[in-house]
Amino acid sequence: MTALEKATGDVVLKFEPFVLHVLCQELQDAQLLYSVAIDSGFRNSGITVGRGGKIMMAVRSTHCLEVPLSHKGKLMVSEEYIEFLIHVANQKMEENT
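Residues numbered from 1 in each chain as written. Predicted model: local features only at pLDDT ≥ 70, side-chain atom pairs only at ≥ 80, totals over all residues. Heavy atoms only, no water.

In the annotation of an unreviewed UniProt entry, the protein chain is listed under the name tRNA wybutosine-synthesizing protein 3 homolog and assigned to Haliaeetus albicilla. Taken from UniProt, the Catalytic activity (unreviewed entry) comment for the protein chain reads in full: "4-demethyl-7-[(3S)-3-amino-3-carboxypropyl]wyosine(37) in tRNA(Phe) + S-adenosyl-L-methionine = 7-[(3S)-3-amino-3-carboxypropyl]wyosine(37) in tRNA(Phe) + S-adenosyl-L-homocysteine + H(+)". Turning to the protein chain, the UniProt record has this under Sequence similarities (unreviewed entry): "Belongs to the TYW3 family." (UniProt positions renumbered as here; feature names shortened; annotations may be inferred.)

Draft legend 1. Structural context of the sheet that holds strand β4 (residues 55-60). Strand order across the open sheet formed by three strands is β2-β4-β3, with antiparallel pairing between neighbours. The sheet terminates laterally at β2 (19-24) and β3 (46-49), the two strands that pair on one side only. Looking at each pair of strands side by side, their axes are set apart by 20° on average, direction ignored. Note that β2 and β4 share six bridges and pair antiparallel. Across the sheet, residue L23 finds its bridge partner in β4, namely M56. Along the sheet face, helix α2 (residues 27-39) touches β2, β3 and β4 and points at about 5° away from the line of β4. (Pairing = 2+ DSSP bridges. Helix = DSSP H or I, 4+ residues; strand = E, 2+ residues; numbered from the N terminus. Axes fitted to C-alpha atoms, helices over the stretch in contact; angles between N-to-C directions. Contact = heavy atoms within 4.5 Å.)

Quick look at the structure:
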């Protein structure tokens, strides 16, 4: 709260979800890993094939959070709401684990 009170610009609470990039030798390896990731709940996962044929599998969680807290130094939410957001972010961190 002290840092928020001193802020003069915009402040955003941001939680980034788990991301794992795996370089795969064969497309079927990436497809197998993709199936496992999706079945495990990592719904934002995907496969990318680069121009040079490099096959990258990204395992991504959906546990993101991005909430503006202040604008031009003015706090836009209550302290109670910030405590709630911290609780939500901590739950998401546990889910990432």
